[in-house]
Amino acid sequence: MALQVALVSDWYLPRLGGIELFLNDLAVRLGGAGFSPEVLTPIPGASELNGVIVHRLCEGNARNGGYRFPPSPHAANFTDMLYLGDLFFGRHRPSALAQLKARLAAGGYDVVHVHLGNTPFAYLAVNISIALGLPTVATFHSLLSGPERPLAAMAAKAMGCVDWPQRVELTAVSSVAAAARSVMFGAAPFGVLHNAIDTEWWWRAGGMGRGAEAIGKPSRLNFAAALRLHQRKRPMLLLDAMAKLAESGVPARLRIAGTGPLHAAIAQRIARLGLGDSIELCGQ
């Protein structure tokens, strides 16, 4: 019988972001490797996605999940705070956490793999999994800025995370992300589950089957970037780099795929730098 894996996260598709896409790829690959993954998330959406069962811990018959402040299509600090308040203190009964506990208790799962950013639902999900006696893996995706570190340390104590190193397999998507959690777990050992790139998919998507030798030397440098247009991702550095190339007389073009709260500010800066012919904002 295939190993039953519960993948739990605050965030999942159709919302777009790093955790969302990582988790989708992981679920699809687990299914392809003979496991039986199921996703459990409070984000509204379809009950099946890319062949993976998704348990939506919200009002499944409502397109917005029944939230007064539904989650934004991509990470946005203010609207995310409204959504999280709705998630924990809204009118939903049973709550998303209660639904999660019931699903984990009745689902026959062999292992629970929780994916954590810097929001509380996934932290509490780890505690639920521990209380149910289920083998649990916790993977941290997000970094912690300077001001966030003491807050994370206090939150770890408040949410009972101090005992996790003895009861949970701790992992992170990079050694840097793991090191940031030392404020919460001290010198506890962390495994690293890297953010991976499906090079075959990108090769097909780029239409590069001819092979690099057939392309020849380009008349200009062509760059592509795929990212959320958010301050945390530092997209303005891309514009600065393109400005330096222009100053140096190097012909270059940059296409940026993605959207986010900085979209308008980036468009304005491109215009101020006179790079409208060199940088294209492609949208989501």
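Described in the following lines is the structure provided in the data block. (Residues numbered from 1 in each chain as written. Predicted model: local features only at pLDDT ≥ 70, side-chain atom pairs only at ≥ 80, totals over all residues. Heavy atoms only, no water.)

### Overview of the nonpolar core
Within the largest apolar cluster, 60 residues are counted, with the highest numbers of intra-cluster contacts made by Leu100, Leu104, Leu116, Phe140 and Trp164. For this core, the leading source of residues is helix H4 (residues 120–131), giving seven residues. Residue contacts for Phe140: discarding those within four places in its chain leaves Leu116, Tyr123, Trp164, Leu170, Thr171, Ala172, Val173, Ala177, Arg181, Phe185 and Phe190. Core analysis: the second largest hydrophobic core is formed by 15 residues, Met242, Leu254, Leu262 and Leu275 among them. (Core = buried A, V, L, I, M, F, W, Y, C linked by side-chain atoms within 4.5 Å. Buried < 20%, exposed > 50% of the residue type's maximum accessible area, 1.4 Å probe, protein only. Helix = DSSP H or I, 4+ residues; strand = E, 2+ residues; numbered from the N terminus. Contact = heavy atoms within 4.5 Å.)

### A few points about the packing of aromatic side chains
Here the structure, examined in full by the defined rule, presents eight aromatic pairs. Consider the rings of Tyr67 and Tyr83, whose centres lie 5.1 Å apart with planes at 85 degrees: the pair is edge-to-face. Of this pair, Tyr67 sits in the loop between strand S4 (52–56) and helix H2 (77–89) while Tyr83 sits in helix H2; the two residues are 16 residues apart in sequence, bridging distant segments of the chain. Three or more aromatic residues joined by ring pairs form one cluster here, namely Tyr123, Phe140, Trp164, Phe185 and Phe190. Lying across the ring of Trp11, Arg15 places its NZ or CZ 3.9 Å from the centre. (Phe/Tyr/Trp six-rings, centres within 6.5 Å; stacked < 30°, edge-to-face > 60°. Lys NZ or Arg CZ within 6 Å of the ring centre and 35° of its normal.)

### Concerning the packing of helix H3 (residues 96–106) against H4
Closest axis-to-axis distance for the H3/H4 pair is 10 Å, and the angle between their directions is 35 degrees. The two elements H3 and H4 cross, and the hand of that crossing is right-handed. Contact residues: H3 offers Ala96, Leu97, Leu100, Lys101 and Leu104, while H4 offers Phe121, Leu124, Ala125, Ile128 and Ser129. Counted by class, the contact of H3 with H4 contains eight nonpolar, one polar and one charged residues. (Axes fitted to C-alpha atoms, helices over the stretch in contact; angles between N-to-C directions. Left-handed = near helix turned anticlockwise from the far one by under 90°. Nonpolar A, V, L, I, M, F, W, Y, C, P; charged D, E, K, R; others polar.)

### Focus: unusual backbone geometry
Across the junction of Leu13 and Pro14, the peptide omega takes the value 15 degrees, indicating a cis bond. Put simply, Arg93 and Pro94 share a cis peptide bond, and its omega is 5 degrees. The phi angle at Arg234 is positive, at roughly 55 degrees, despite the residue not being glycine. The topology assignment puts Arg234 in the loop between strand S9 (221–226) and helix H10 (236–247). Residue classification places Arg234 among the exposed positions, given a relative accessible area of 56%.

### What to know about H2
Spanning 13 residues, H2 covers 18 Å between terminal C-alpha atoms, matching the ideal 18 Å at 1.5 Å per step. The set of residues buried in H2 consists of Asp80, Tyr83, Leu84, Asp86 and Leu87. Along the long axis of H2, the arc covered by the buried residues comes to 160 degrees, so they all point the same way. Turned more than 90 degrees away from the buried face of H2 sit Phe78, Met81 and Phe89, all of them exposed. Here the buried face of H2 lies against H3 and H4. (Expected span 1.5 Å × (residues − 1). Arc of directions from axis to C-beta.)

### Some points on the pattern of salt bridges
If you walk through the whole model with that rule in mind, you get eight salt bridges. The shortest N-O distance in the salt bridge between Arg15 and Glu20 comes to 2.9 Å. One exposure class covers both Arg15 and Glu20, and it is buried. Note that Arg15 and Asp80 form a salt bridge whose closest N and O atoms lie 3.0 Å from each other. Taken together, the residues span a long stretch of sequence, with Arg15 in the loop between strand S1 (4–9) and helix H1 (18–32) and Asp80 in helix H2 at a distance of 65 residues. Each of the two residues, Arg15 as well as Asp80, counts as buried. (Salt bridge = Lys/Arg side-chain N within 4 Å of Asp/Glu carboxyl O.)

### Considering the sheet that holds strand S6 (residues 136–140)
Sheets are built from strands paired through backbone hydrogen bonds, the pairs being either parallel or antiparallel. Ordered by their spatial adjacency, eight strands build an open sheet running S3-S4-S2-S1-S5-S6-S7-S8, and the pairing between neighbours is mixed. Single-partner strands in this sheet number two, and they are strand S3 (48–49) and strand S8 (191–192). Bridging between S1 and strand S2 (residues 36–41) involves five bridges; their strand directions are parallel. From the neighbouring strand, Val5 faces S2, where its bridge partner is Pro37. Sheet strands touched by H1: S1, S2, S4 and strand S5 (111–116). Its angle to S1, the strand with the most contacts, is close to 175 degrees. H4 rests against S1, S5 and S6 of the sheet, and its axis sits at about 160 degrees to S5. (Pairing = 2+ DSSP bridges.)

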